[in-house]
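Fold and geometry: a report
Residues per chain, in single letters:
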Amino acid sequence: MTITEQAATTSDASWIEAGEAWGHAAIDWAYNFETYARDAIEEVLTIVGVTEGTELFDLACGSGYALSRAERLGAKTSGLDASAALLNIAARRAPDSDLRLGTMFDLPFADESFDAATSFNGVWGGCSEAFIEAYRVLRPGAKFGVTFWGPGKNLDLRDWFIALGTSTPSVGEEMMDLAAIGAPGVVESMFDGAGFVDVWRGSTTAILEFADEDIAWKTLRSPGVVLPALDALGEEALRPRLMAAIAPFRNDDGSYRLVNELTHAIGTKPL
């Protein structure tokens, strides 16, 4: 599998920095964390109509977990991500996918290329241009499904997010901006602004399980949003702060189980 790389200009090179952050612990993210979205992936792939022969695009495809599920349904799949390290794993998981390294704000695909599109926790607050690009590459009548951490009643990760966001002022500001997509009405406005119609929300359960504290820490330090806090505080200072946030979910045998509500939103490109 060849991964096609998108050239970066000085004005848009920030996606390279983001990709490096999300690839800083690519193996831990891919094999310990990314499977949290399994139920959401199955649900959203069904909603957007992925079946045999569907041409699907996964935006911010990460290490290809969703692409691999779509391939098993017989879809013709394409994916884009900013992280070369994650795409290298995606190439193993989804060997038939057309994988691109680049920015979600300037997709390297022609207009009306796909029957459906998805993004599993890949678009955040401030990503309105990505919705516009997703609209462009979709065919009329196609659906775009995204997932994100919303204001769900059950979010065992909530205190972990808070601990990360309060680790340093700069990290807190970034977390607030990124998490804004989950606020009531925000994702709907992002869909509406791009031209999508019939926008609605749903939810699935996302479960994270860790055999012990070391595995829990390796997993929870792997998202790209953690890297600025690691750089600012160092692992010795950050680890106890973040692990304390999930202490209530530690079982008597030392394992962990965190149950979370993962929100999805779906929009349709008009015919």
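Everything here concerns the structure above.
Residues numbered from 1 in each chain as written. Predicted model: local features only at pLDDT ≥ 70, side-chain atom pairs only at ≥ 80, totals over all residues. Heavy atoms only, no water.

1. Here's the deal with the overall build of the chain
Across its full length, the chain carries 12 helices and eight strands. Expressed along its principal axes, the backbone C-alpha trace of the chain runs to roughly 50 × 40 × 35 Å. Buried positions account for 53% of the 271 residues belonging to the chain. Considering only residue pairs separated by 6 or more positions, the chain has 75% of its internal contacts joining residues 24 or more positions apart. For the chain, the exposed area adds up to about 11700 Å²; of that, 51% sits on carbon and sulfur atoms. (Helix = DSSP H or I, 4+ residues; strand = E, 2+ residues; numbered from the N terminus. Buried < 20%, exposed > 50% of the residue type's maximum accessible area, 1.4 Å probe, protein only. Contact = heavy atoms within 4.5 Å. Areas by Shrake-Rupley, 256 points an atom, 1.4 Å probe, with all protein chains shown as cover.)

2. Some remarks on the nonpolar core
Ranked by internal contacts, the top residues of the largest apolar core, which has 78 residues, are F144 and W160. With residues near it in sequence (within four places) discarded, W160 still touches L220, P223, V226, L242, A245 and I246. By size, the runner-up hydrophobic cluster in this structure holds nine residues, among which are W15, C61, L87 and A91. (Core = buried A, V, L, I, M, F, W, Y, C linked by side-chain atoms within 4.5 Å.)

3. Re the environment of A84
By the element assignment, A84 lies in helix α5 (residues 84-93). Separated by 58 residues in the primary sequence, A84 and A26 place their C-alpha atoms 9.5 Å from one another.

4. Remarks on the packing of aromatic side chains
Tallying each qualifying case throughout the model produces 18 aromatic pairs. Seen in terms of ring centroids, F144 and F191 are 5.8 Å apart; in terms of plane orientation they differ by 70 degrees. Their pairing is edge-to-face. On the criterion of sequence distance, the pair formed by F144 in strand β6 (residues 138-148) and F191 in helix α9 (residues 186-194) is long-range, its members being 47 residues apart. The pair formed by F144 and F191 is uniform in burial state, with each residue classed as buried. (Phe/Tyr/Trp six-rings, centres within 6.5 Å; stacked < 30°, edge-to-face > 60°.)

5. So, helix α10 (residues 213-220)
Buried within α10 are the following residues: A216, W217, T219 and L220. The buried residues of α10 all sit within an arc of 165 degrees when viewed along its axis, so they share a single face. Looking at the buried residues of α10, the elements they touch are α2 (26-33), α7 (158-165), β7 (197-210), α11 (227-233), α12 (235-245) and β8 (256-268). Where α10 starts, the residue carrying a side-chain oxygen 3.2 Å from the main-chain nitrogen of D214 turns out to be D212. (Arc of directions from axis to C-beta. Polar contact = N/O pair within 3.5 Å; in protein donor to acceptor, adjacent residues only side chain to side chain.)

6. Describing the packing of α7 against helix α8 (residues 169-179)
At their nearest, the axes of α7 and α8 sit 7 Å apart, and the two run at 135 degrees to each other. One element, α7, and the other, α8, form an angle in the oblique class. Residues F161, L164 and G165 of α7 pack against V171, G172 and M175 of α8. Of the residues belonging to the contact of α7 with α8, the class tally is four nonpolar, two polar and no charged. (Axes fitted to C-alpha atoms, helices over the stretch in contact; angles between N-to-C directions. Parallel < 35°, antiparallel > 145°, perpendicular 65-115°, else oblique. Nonpolar A, V, L, I, M, F, W, Y, C, P; charged D, E, K, R; others polar.)

7. A word on the pattern of salt bridges
Where charged atoms of side chains with opposite charge meet at close range, the side chains can pair. This structure, assessed with the given rule, holds 15 salt bridges. In this structure, the salt-bridge partner of R38 is D39, at a minimum N-O distance of 3.8 Å. Given a relative accessible area of 43%, R38 falls into the partly exposed group. The exposure class of D39 is partly exposed, given its relative accessible area of 38%. The salt bridge partner of D98 is R100, with a shortest N-O separation of 2.8 Å. Note on R100: relative accessible area 16%, which makes it buried. Three or more residues joined by partner-sharing salt bridges are found here, namely E213, D214, R239 and R250. (Salt bridge = Lys/Arg side-chain N within 4 Å of Asp/Glu carboxyl O.)

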